[in-house]
Amino acid sequence: MREAPIGVFDSGVGGLSVLAEIQRLLPNESLLYVADCGNVPYGEKTPEFIRQRCSVMAEFFQQQGAKALVLACNTATVAGVADLRRDYPQWPIVGMEPAVKPAAAATRSGVVGVLATTGTLQSAKFAALLDRFATDVRVITQPCPGLVELIENGDLHSPALRELLARYVGPLLAAGCDTIILGCTHYPFLKPLLKQMIPEDISLIDTGAAVARQLQRLLTERELLADGTADAAQFWTSADPEHFRNILPILWNTSGVVRSFNK
Ligand code: DGL
């Protein structure tokens, strides 16, 4: 069981930002990644639809003999992680949530910004997160429709992207945020561009590395950490595999086998 793979999924390519952190921390682990690109963006879908997709993914990873599951997607986590934990009690399951706790601890101005999808920001889980960790700070939330679609096309720099991003970041800067949470796994790919657009003393926080550490903790606890050599990561997409193959080198350090996911 130790050498079994870990299943990781997202609505699209965003979860690759998390996959990179997992691979960095746990280089012995074999990783399977499903991008539900045929249904991206999740941010504007109903929670019921996303829950259904989560169970399709989980079933697939079970067939692949996975030993653990990572929801490398904030939007899927708020909608589906509770059901998955109920339905797959045998697995360590790691989800993602916007880094409200570390941001509230780090802010000096007392104003924190959150860039995330509409689905994440409207969820009860996010409201609970604010109630729990953000009572002493002001939180400005900004949904970012359209960003994910551009990133899915491998666009990390175009004038259109820069313009859209400026529209979303502007209100956070105007409100005095000194800490900005990247609450969607697609957004870490925009860090280089974002850094050009914001003053140097504003911090950008995401949770990819924390998720990798949490996965490491759970695997250690259950004596499931791999100690052999990892197989190369394998990829599936529910849209055109050729498109994914073309984008992979932009967002991932190596190429990999990409297959079609027809479920
Ligand atoms: N990458 C996802 C997240 O972390 C969702 C993007 C989307 O499909 O809208 O929220």
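Worth saying up front: this structure is predicted, and the values here are computed from it rather than measured.

Asker: Any chance you could explain the side chain of Asn 39 here in plain terms?
Answerer: Note on placement: Asn 39 falls in the loop between strand 2 (31-35) and helix 2 (47-63). Dropping the residues within four chain positions of it, Asn 39 is found in contact with Lys 45, Phe 49, Arg 53 and Ser 238.

Asker: So what exactly am I meant to see when it comes to the packing of aromatic side chains here?
Answerer: Centre distance and the angle of the planes are the two values used to describe a pair of aromatic rings. Going through the model one piece at a time under the given rule, you end up with seven aromatic pairs. Judged by centre distance (6.0 Å) and plane angle (45°), the rings of Phe 235 and Phe 244 are tilted. This pair shows no difference in class: Phe 235 is buried, exactly as Phe 244 is. The rings of Tyr 33, Phe 235, Phe 244 and Trp 252 are connected pair by pair, giving a single aromatic cluster.

Asker: Looking at this structure, how should I read the site of the ligand?
Answerer: In the region of the ligand, 14 residues are neighbours, and Ser 11, Tyr 42, Gly 43, Asn 74 and Thr 75 sit closest. Measuring from a nitrogen atom of the ligand, one finds a side-chain N or O atom of Asp 10 at 3.0 Å. In the environment of the ligand, a nitrogen atom lies 2.8 Å from a nitrogen or oxygen atom belonging to the side chain of His 186. When the ligand sits alone it has 300 Å² of accessible area, and the protein chains cover 99% of it.

Asker: Before we go on, may I ask you to explain helix 1 (residues 16-25) in this structure?
Answerer: Each α-helix turn comprises 3.6 residues. Residues three or four places apart therefore point the same way. Of all the positions in helix 1, only Leu 16, Ser 17, Val 18, Leu 19 and Ile 22 are classed as buried. The inward-facing, buried residues of helix 1 abut strand 1 (6-10), strand 2, strand 3 (68-71), helix 10 (208-221), strand 9 (234-237) and helix 11 (241-251).

Asker: Mind showing me how you'd approach the UniProt feature "active site" (unreviewed entry) in the protein here?
Answerer: Within this numbering scheme, the UniProt entry marks Cys 73 and Cys 184 as carrying the feature "active site" (unreviewed entry). The greatest C-alpha distance among the annotated residues, which extend across 112 residues, is 6.6 Å, indicating that they converge on a single site. Tracing the backbone shows Cys 73 in the loop between strand 3 and helix 3 (74-87). Excluding residues within four positions of it along the chain, Cys 73 makes contact with Phe 9, Asp 10, Ser 11, Tyr 42, Met 96 and Thr 185. Looking at the secondary structure, you find Cys 184 in the loop between strand 7 (179-182) and helix 9 (191-197). Judged by its relative accessible area of 6%, Cys 184 is buried. Here Cys 184 is in contact with Asn 74, Leu 115, Ala 116, Thr 117 and Val 148, once residues within four sequence places are set aside.

What counts and what doesn't
Residues numbered from 1 in each chain as written. Predicted model: local features only at pLDDT ≥ 70, side-chain atom pairs only at ≥ 80, totals over all residues. Heavy atoms only, no water. Helix = DSSP H or I, 4+ residues; strand = E, 2+ residues; numbered from the N terminus. Contact = heavy atoms within 4.5 Å. Phe/Tyr/Trp six-rings, centres within 6.5 Å; stacked < 30°, edge-to-face > 60°. Buried < 20%, exposed > 50% of the residue type's maximum accessible area, 1.4 Å probe, protein only. Near = heavy atom within 4 Å. Polar contact = N/O pair within 3.5 Å; in protein donor to acceptor, adjacent residues only side chain to side chain. Areas by Shrake-Rupley, 256 points an atom, 1.4 Å probe, with all protein chains shown as cover. UniProt positions renumbered as here; feature names shortened; annotations may be inferred.

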